[in-house]
Amino acid sequence: MKRLTLYLFRHLIVATLFVTAGLTLVIWLTQSLRLLELVVDGGAPIYLFLQLMLVTLPTFLSIVLPIGLLAAVLFTYNRLTMDSELVVMRAAGLGPWGLAKPAVLLGLIVMTICYVLTLYLAPASYGELARLEGMAKSQFSTVFLREGVFNEAGDGLTVYVRRRMNDGELQGLLIHDTRIEGKPVTIMADRGRTVEGGAGARVVVFDGNRQEMDLATGRMSQLFFDRYAVDLRVFERQLSERLPDARERSTAELMHADEIPELAPFKARLTAELHQRYTTPIFALGFTLMGVAILLVGEFNRRGQSRRIVAAVAAVLVLQSASLGITNLSVNNNAFIPLLYVVVTIPVLVGIFMMLRQGIRGRGTGHLRPTAG
């Protein structure tokens, strides 16, 4: 019996690792398309891109792992059914719970990993991701200036770029600066380029003019220049002034949000985030129990169990969608929070009920016979 359990456990681990790795690579690819712009267009160093890619991993791994585990359970038990291995295991004395034991054990392990990710690693990763993106926007702000449109580069600062060259040069610049109240400034230049200095990043523009209007007196002053430095580091100030998002805050902060006065306006959002962290990892165990129960109840079919697999996938989609919808509702009204616990416990209770019912039927009929299919 121990060898059969280890045999199932080993196959489930291998399948889970492969499915999770595949899903992770797909998500990483979609993330890299957005972050790669820093390197290709903005001249950001490759190490910054690698850092950004690395810190995104814990932010979605807690969602990918339960889905990867469910896919591994469905694949492994369906393959064993088609090869008649489950029939042999039942004949050797393994009951429904004996067959499900390796999957449930792996589900508990994955749930523990998800709790570590959700409660500790993911919040730290969100904070580090926000910090790195803010630094990139500050030091390589021209990356975010799209050509042919008026870019809102910050409060009171609008930048227009006619064309961006492959070497990073900006052509046809128009900069309208209203950050100094009562004295709007308009700068027009033929070309510009980002340079690094002791004071940080600056955009140096060439061959243009600077117009400043004094609204109090109605007088305008104009300056023609060959070279002029413009401060576009508004993202750095925005980063220092912004409040961390609920996802970036540690679990300890969320638990003691009532004791922090500046968090009082965001209490509903923080409370919803805290309970989402408590409930989401339970899906790892719930999906596992539901998957093995759907495949192990009833008669075995050597042709496979495609209908049951489709039913399991549909149930997961419904549960995940319900969890996401309730979370969004809980942000505005914490009265919906108890529904989060209801949604994550449904697959656990359904899986246990189906397995117990199958065990009672098995004792009553002696054993389950495979279908002739």
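So, how was this worked out
- Residues numbered from 1 in each chain as written.
- Predicted model: local features only at pLDDT ≥ 70, side-chain atom pairs only at ≥ 80, totals over all residues.
- Heavy atoms only, no water.
- Helix = DSSP H or I, 4+ residues; strand = E, 2+ residues; numbered from the N terminus.
- Buried < 20%, exposed > 50% of the residue type's maximum accessible area, 1.4 Å probe, protein only.
- Contact = heavy atoms within 4.5 Å.
- Areas by Shrake-Rupley, 256 points an atom, 1.4 Å probe, with all protein chains shown as cover.
- Salt bridge = Lys/Arg side-chain N within 4 Å of Asp/Glu carboxyl O.
- pLDDT = per-residue confidence, 0-100.
- 1 Å grid on protein atoms, 1.4 Å probe; cavity = no way out; pocket = protein on both sides within 12 Å on 5 of 7 lines; lining within 4 Å.
- Points joined across faces, edges and corners; volume = space filled by probe spheres on them.
- Nonpolar A, V, L, I, M, F, W, Y, C, P; charged D, E, K, R; others polar.
- Polar contact = N/O pair within 3.5 Å; in protein donor to acceptor, adjacent residues only side chain to side chain.
- Expected span 1.5 Å × (residues − 1).
- Axes fitted to C-alpha atoms, helices over the stretch in contact; angles between N-to-C directions.
- Parallel < 35°, antiparallel > 145°, perpendicular 65-115°, else oblique.
- Left-handed = near helix turned anticlockwise from the far one by under 90°.
- Core = buried A, V, L, I, M, F, W, Y, C linked by side-chain atoms within 4.5 Å.

K.L.:
Any chance you could explain the overall build of the chain here in plain terms?
P.N.:
Of the regular secondary structure elements, the chain holds 11 helices and six strands. The buried share among the 373 residues of the chain stands at 43%. In the chain, of all internal contacts separated by at least 6 residues, the share reaching a separation of at least 24 is 62%. Taken as a whole, the chain presents about 19800 Å² of accessible surface, with 62% of it coming from carbon and sulfur.

K.L.:
Could you clarify how one ought to interpret the pattern of salt bridges in this entry?
P.N.:
Pairs may arise between side chains of opposite charge once their charged atoms sit close together. By the definition in use, this model includes eight salt bridges. With its nearest N and O atoms 3.9 Å apart, the salt bridge here joins R79 to E85. Connected through salt bridges with shared partners, the residues R79, D83 and E85 form a single ionic network.

K.L.:
When you look at the confidence of the model for the chain in this model, what are you seeing that I'm missing?
P.N.:
Low pLDDT marks regions whose predicted coordinates should not be analysed in detail. Scored by pLDDT, the chain comes out at a mean of 82, with 82% of its residues at no less than 70. In this model, residues 234-239 is a region of pLDDT below 50 whose contacts with residues beyond four sequence positions or in other chains number 18 contacts. Segment residues 364-373: pLDDT under 50, and 18 contacts once partners within four positions in sequence are set aside and those in other chains are kept.

K.L.:
Please clarify how the environment of Y115 should be interpreted in this entry.
P.N.:
With respect to the helices, strands and loops of the structure, Y115 is situated in helix α5 (residues 96-139). When its relative accessible area of 24% is taken as the criterion, Y115 is described as partly exposed. The spatial distance from the C-alpha of Y115 to the C-alpha of Y278 is 7.7 Å, given a sequence separation of 163 residues. Residue contacts for Y115: discarding those within four places in its chain leaves Y120, R277, Y278, P281 and I282.

K.L.:
Would you mind going over the layout of surface pockets with me for this structure?
P.N.:
A probe matching the size of a water molecule, rolled over the atoms, marks out where space remains unfilled. Counted as a void, the largest pocket has a volume near 530 Å³. In this structure, the largest pocket is lined by 20 residues; those nearest its centre are T59, S62, I63, Q276 and T280. Only α3 (57-82), α5, α8 (267-279) and α10 (306-332) provide two or more residues apiece to the lining of the largest pocket. The biggest single contributor to the lining of the largest pocket is α10, with five residues. Its residues assigned to classes, the lining of the largest pocket shows seven nonpolar, nine polar and four charged.

K.L.:
Got a minute to help me understand the side chain of R277 in this structure?
P.N.:
Structurally, the position occupied by R277 is in helix α8. You can call R277 buried: its relative accessible area is 3%. Side-chain polar atoms of R277 contact the backbone oxygen of R247, separated by 3.4 Å. Excluding residues that lie within four positions of it along the chain, R277 makes contacts with Y115, T118, L119, P123, A246, R247, R249, S250, T251 and L254.

K.L.:
Would you explain the environment of G182 in this entry?
P.N.:
For G182, the position within the fold is in the loop between β3 (170-177) and β4 (185-197). The sequence separation of G182 and T217 amounts to 35 residues, and the corresponding C-alpha distance is 9.8 Å. Dropping the residues within four chain positions of it, G182 is found in contact with M213, D214 and L215.

K.L.:
Got a minute to help me understand α8 in this structure?
P.N.:
Because an α-helix packs 3.6 residues into every turn, residues spaced three or four apart end up facing the same way. The first and last C-alpha atoms of α8 sit 18 Å apart over 13 residues, in line with the 18 Å expected at 1.5 Å per residue. Every buried residue belonging to α8 is among L270, A272, E273, L274, R277 and T279, and all of these are buried.

K.L.:
Any chance you could explain the packing of α3 against helix α9 (residues 282-296) here in plain terms?
P.N.:
Close contact between α3 and α9 brings their axes to 9 Å; oriented N to C, the two are set at 20°. It follows from the interaxial angle that α3 and α9 lie roughly parallel. The hand of the α3/α9 crossing is right-handed. Each of P66, L69, L70, V73, L74, Y77 and N78 in α3 lies in contact with α9, whose residues at this interface are F283, A284, F287, T288, G291, V292, L295 and L296. The residue makeup of the contact of α3 with α9, split by class, is 12 nonpolar, three polar and no charged.

K.L.:
What am I meant to see in the nonpolar core here?
P.N.:
Membership of the largest hydrophobic core comes to 44 residues, with the highest contact counts inside it found for Y77 and L296. Contributions of two or more residues to this core are made by α1 (2-40), α3, α4 (85-91), α5, α9, α10 and α11 (337-365). When residues in this core are grouped by element, the largest group, 12 residues, is from α9. The residues touching Y77, leaving out its near neighbours within four places in the chain, are L8, L12, L86, L99, A100, P102, A103, V292, L295 and L296. The next biggest cluster of nonpolar side chains, apart from the first, holds 13 residues, and it includes L157, L173, V203 and F225.

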